[in-house]
Amino acid sequence: MIALFIFYPLYRGVFLAFTRTKLLEGPDSTLIGFENFKNLFADPTFITALKNTFVFAAFGLTSQMLLGLGAAMLLSKERKYIGLIRVLVVLPWFTPPVVTAYMWRFMLDTNAGIIIQLLKDVGISFGEVGIWGNPHLAIFGALFVDLWASYPFFMLFILAGIQGIPKDMRESTSVDGASAFQHFRFVVLPLIKPVLIVSGLLGVIHLINSPTLMLLLTNGGPGDSTLVLPLYAFRQAFQGYDFGYASAISVLVLAAIAGFAMVYIRFAKFGKED
Amino acid sequence: MKPKKARKKFSYYMANVGITGLVLFAILPLFWTFYVSLREEVSITRYPTMLTTKNLSFLAYTHIWRDTNFPVLIRNSLIVSSMTVLLSLVLGTAAGYALSRAKFKGRQGVLLSYLVIRLIPGVLLLVPIYIMMYKFHLLDTYFGLTFAYTTFTLPATIWLMKGFFDSLPPDLENAARVDGCSRLGAMWRISLPLVLPGLAATGTLTAITAWNDVLFAIMLTSSNKARTWPVGLREMIGEFQLPWQLLTATAIMSLLPVVIGFALVGRKMVAGITAGSLKE
């Protein structure tokens with residue numbers, strides 16, 4: 001089943017990238033070698049999308065991992081109702097993306113959005129166009145929404161890592177006179193490093209691969225200011241019906257991620273030996 | 001000794017503030033959305049920040065339930081999600097059990113492929129899957145969506161079930177077999193009941209994945225025959241004026257099954273996800 005639905009489509013997808021397949025010209029594909037890729041690098045929209053993807057992934061990873069780490073530290077200690085608290089905090093991660101996207105589009109709406117209105121009351125104004133209409137701000141709006149939806153993923157992983165550390169560790173370091181910060185820096189951090197590495201990798205993959213949030217939140221706009229690569233591929237395939245071009249974009253994304261993963265794992269292993 | 005105690009109290013206080021902040025950050029947006037869905041459209045856009053108990057009603061909900069095709073889409077979603085859960089659990093339990101017990105060649109390869117699959121951009125598979133479904137006449141059918149979702153949930157299902165089977169002592173089954181149970185009988189009568197909570201958690205996770213998906217639903221359906229609710233919600237969005245009251249009410253309705261499932265087995269689910277992924 002996996003072979004049928006993953007490896008065969010994967011093979012077909014990579015194959016399509018080297019063909020000219022436009023549904024509007026009929027279902028046939030002709031092999032054209034690297035022409036799709038050549039066109040890509042001359043395509044200004046592709047370059048914009050590439051830049052946006054990079055910004056989105058870099059800021060997204062940093063913000064989500066930091067908040068996830070902080071939240072995991074806070075929620076790692078046993079206290080009353082901690083089980084319930086953990087489940088509540090993780091809820092955004094399981095919220096349907098459609099709900100997440102429209103909820104935040106609403107709350108950050110220029111006229112009807114509560115957050116924008118409250119901010120206006122304390123003197124922070126986003127002007128006529130608000131967040132979603134401002135090409136410089138829209139991507140940060142999307143980053144904020146993804147922070148809400150995705151940081152629990154990091155929190156869960158890091159929490160599991162922290163819980164794997166023996167409890168009496170803190171006692172022994174405090175006998176040795178270590179401050180809470182020193183304990184975190186020299187005991188906790190090295191011990192959860194593998195977890196940070198694994199969750200970081202999975203997080204980046206998610207940030208780069210998924211067009212869903214952008215599709216629903218901004219659909220790439222205003223202009224192309226929030227157009228990311230998977231969304232561009234999706235558009236080429238199901239609005240332009242240019243399957244070859246869409247596949248070429250996806251193949252590049254896959255190659256970039258695979259390359260990144262390999263370097264990342266190599267680098268992570270290298271760090272371990274020190 | 002005294003300043004240390006005071007500092008400890010202070011840090012405990014700060015932790016409480018932080019935790020309260022986290023919980024509010026997670027659930028306040030959902031509560032606000034629910035509140036807005038009860039208000040009148042006029043007051044939502046004219047007085048966006050107003051808090052009032054006047055004129056609140058479930059009118060939007062009854063309107064959606066009676067006068068739109070949304071119930072049909074919800075039914076489609078329920079059917080597709082259930083079929084996906086069934087298929088994923090049957091295949092995933094069998095495969096997870098085999099991986100946990102048998103030590104065959106290429107075992108590592110199967111486990112590795114789970115991670116590799118996560119690397120592949122969904123969009124790359126969308127096009128070929130669309131063409132395949134077109135050729136097999138599975139576009140706009142329950143089965144088409146079910147197959148597509150199962151493909152993406154199966155690796156996780158196998159992985160989770162393997163983890164749950166791993167946590168059982170193998171002696172349990174050996175004892176049953178000494179008593180004259182067949183291998184299959186031992187699995188069915190001894191191991192399966194013991195991993196039932198795990199099975200429930202895995203099933204819920206699968207159901208939520210299928211329930212939440214937008215991308216495949218947009219692509220693989222074209223009419224109300226198999227269209228799922230996220231597509232319907234997306235189509236409610238007009239070009240300029242957004243019907244906030246209806247949108248929020250629909251969103252809350254669709255969120256309900258997720259919240260219920262999550263409330264029932266959320267903790268087990270969360271534990272399974274992290275435990276499975278950390279054994280790398």
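This one's a predicted model, so the numbers in the text were calculated from it and none came from an experiment.

### Here's the deal with the overall build of chain A
- What chain A contains, in helices and strands, is 12 helices and two strands.
- For chain A, the spread of C-alpha atoms along the three principal axes comes to 75 × 55 × 35 Å.
- Within chain A, contacts between residues at least 6 apart in sequence are counted, and of these 68% link residues at least 24 apart.

### Observations concerning the interface of chain B and chain A
- Between chain B and chain A, the residue contacts involve 59 residues of the former and 62 residues of the latter.
- At 15 residues, helix 13 (residues 244-278) of chain B tops the list of elements feeding residues into the side of chain B that touches chain A.
- Of the residues contributing to the side of chain B that touches chain A, the split by class is 42 nonpolar, 13 polar and four charged.

### What about the confidence of the model for chain B?
Residue and element names in this part refer to chain B.
- Mean pLDDT for chain B: 81, with 88% of residues reaching 70 or above.
- When the elements of chain B are averaged for pLDDT, helix 5 (residues 107-119) gives the smallest value, 67, and helix 4 (residues 70-101) the largest, 89.
- We note a pTM of 0.85 for the whole complex and an ipTM of 0.82 for its interfaces.

### As for the packing of helix 4 (residues 82-94) of chain A against helix 7 (residues 138-163) of chain A
All names here are of chain A.
- Close contact between helix 4 and helix 7 brings their axes to 7 Å; oriented N to C, the two are set at 125°. If you check the angle between helix 4 and helix 7, you find them oblique. The interaxial crossing formed by helix 4 with helix 7 has left-handed handedness. From helix 4, Val89, Val90, Pro92 and Trp93 reach across to helix 7, where they touch Trp148, Ala149, Ser150, Pro152, Phe153, Met155 and Leu156.
- Of the residues belonging to the contact of helix 4 with helix 7, the class tally is 10 nonpolar, one polar and no charged.

### Focus: unusual backbone geometry
Residues and elements named next belong to chain B.
- Of note, the phi angle at histidine 137 is positive, near 55°, even though the residue is not glycine.
- A residue is classified by how many C-beta atoms lie within 10 Å of it, and histidine 137, with 10 of them, is exposed.
- Unusually for a residue other than glycine, aspartate 140 sits at a positive phi of about 65°.
- Take aspartate 140: it is sitting in the loop between helix 6 (122-135) and helix 7 (142-166).

### Quick notes on the domain arrangement of chain B
Residue and element names in this part refer to chain B.
- You can read the domains of chain B as domain 1 (2-46) and domain 2 (68-278).
- The interface of domain 1 with domain 2 comprises seven residues on the first partner and six residues on the second.
- Among the elements of the structure, helix 1 (2-38) and helix 2 (41-46) are those that each provide at least two residues to the side of domain 1 that touches domain 2.
- With four residues, helix 1 is the single largest residue contributor to the side of domain 1 that touches domain 2.
- Looking at side-chain class alone, the side of domain 1 that touches domain 2 contains three nonpolar, two polar and two charged residues.

### Details of the nonpolar core
- Counting 146 residues, the largest nonpolar core has Tyr102, Met155, Ile158 and Ile249 of chain A together with Leu126 of chain B as its most contacted members.
- When we break this core down by domain, the ones giving at least three residues each are domain 1 (2-46) and domain 2 (68-278) of chain B.
- If sequence neighbours within four positions are ignored, tyrosine 102 of chain A has contacts with Leu216 of chain A together with Leu247 and Ala251 of chain B.

### Comments concerning helix 9 (residues 180-209) of chain A
Residues and elements named next belong to chain A.
- The terminal C-alpha atoms of helix 9 lie 38 Å apart, and with 30 residues this falls more than 12% below the ideal 44 Å at 1.5 Å per residue.
- At lysine 193, helix 9 shows its largest bend, some 50°, and a proline, proline 194, comes one to four positions later.
- Those residues of helix 9 that fall on the buried side of the exposure criterion are Val188, Ile192, Val195, Ser199, Leu201, Gly203, Ile205, Leu207, Ile208 and Asn209.

Criteria and cut-off values
Starting from 1, residues in each chain are numbered consecutively following that chain's sequence as written. Chain labels run from A onward and ligand labels from 1 onward, assigned in the order the entries are written. For a predicted model such as this one, the threshold for reporting local features is a pLDDT of at least 70, and the threshold for listing and counting side-chain atom pairs is 80 or more; totals across whole chains, interfaces and linings nevertheless cover every residue. Labels follow the DSSP assignment, with helices taken as runs of H or I lasting at least four residues and strands as runs of E lasting at least two, numbered in each case from the N terminus. It is the C-beta atoms, placed from the backbone, that decide contacts: two residues are in contact if theirs lie within 7 Å. Here the term charged refers only to Asp, Glu, Lys and Arg, the term nonpolar to Ala, Val, Leu, Ile, Met, Phe, Trp, Tyr, Cys and Pro, and the term polar to all other amino acids, Gly among them. Here pLDDT means the predictor's own confidence in every residue, given as a number from 0 to 100. Every axis corresponds to a line fitted to the C-alpha atoms, with the helix fit spanning only the stretch in contact, and the corresponding angles, defined between N-to-C directions, vary from 0 to 180 degrees. Any angle that falls under 35 degrees is termed roughly parallel, while one over 145 is termed roughly antiparallel, one within 65 to 115 roughly perpendicular, and all others oblique. Crossings are classed by handedness, with left-handed meaning an anticlockwise turn of the near helix from the far one by less than a right angle and right-handed meaning a clockwise turn. Exposure classification rests on a simple neighbour count of other C-beta atoms within 10 Å of a residue's own: a residue reaching 20 or more is buried, one at 12 or fewer is exposed, and one in between is partly exposed. C-beta atoms are placed from the backbone. What fixes the domain bounds is an automatic or database domain assignment. As used throughout, a nonpolar core is a set of buried Ala, Val, Leu, Ile, Met, Phe, Trp, Tyr and Cys residues joined through C-beta atoms within 7 Å of each other. Working rule for helices: expected span equals 1.5 Å times residues minus one. The seven residues ending at a residue and the seven starting there each receive a fitted axis; the angle between those axes is the bend at that residue.

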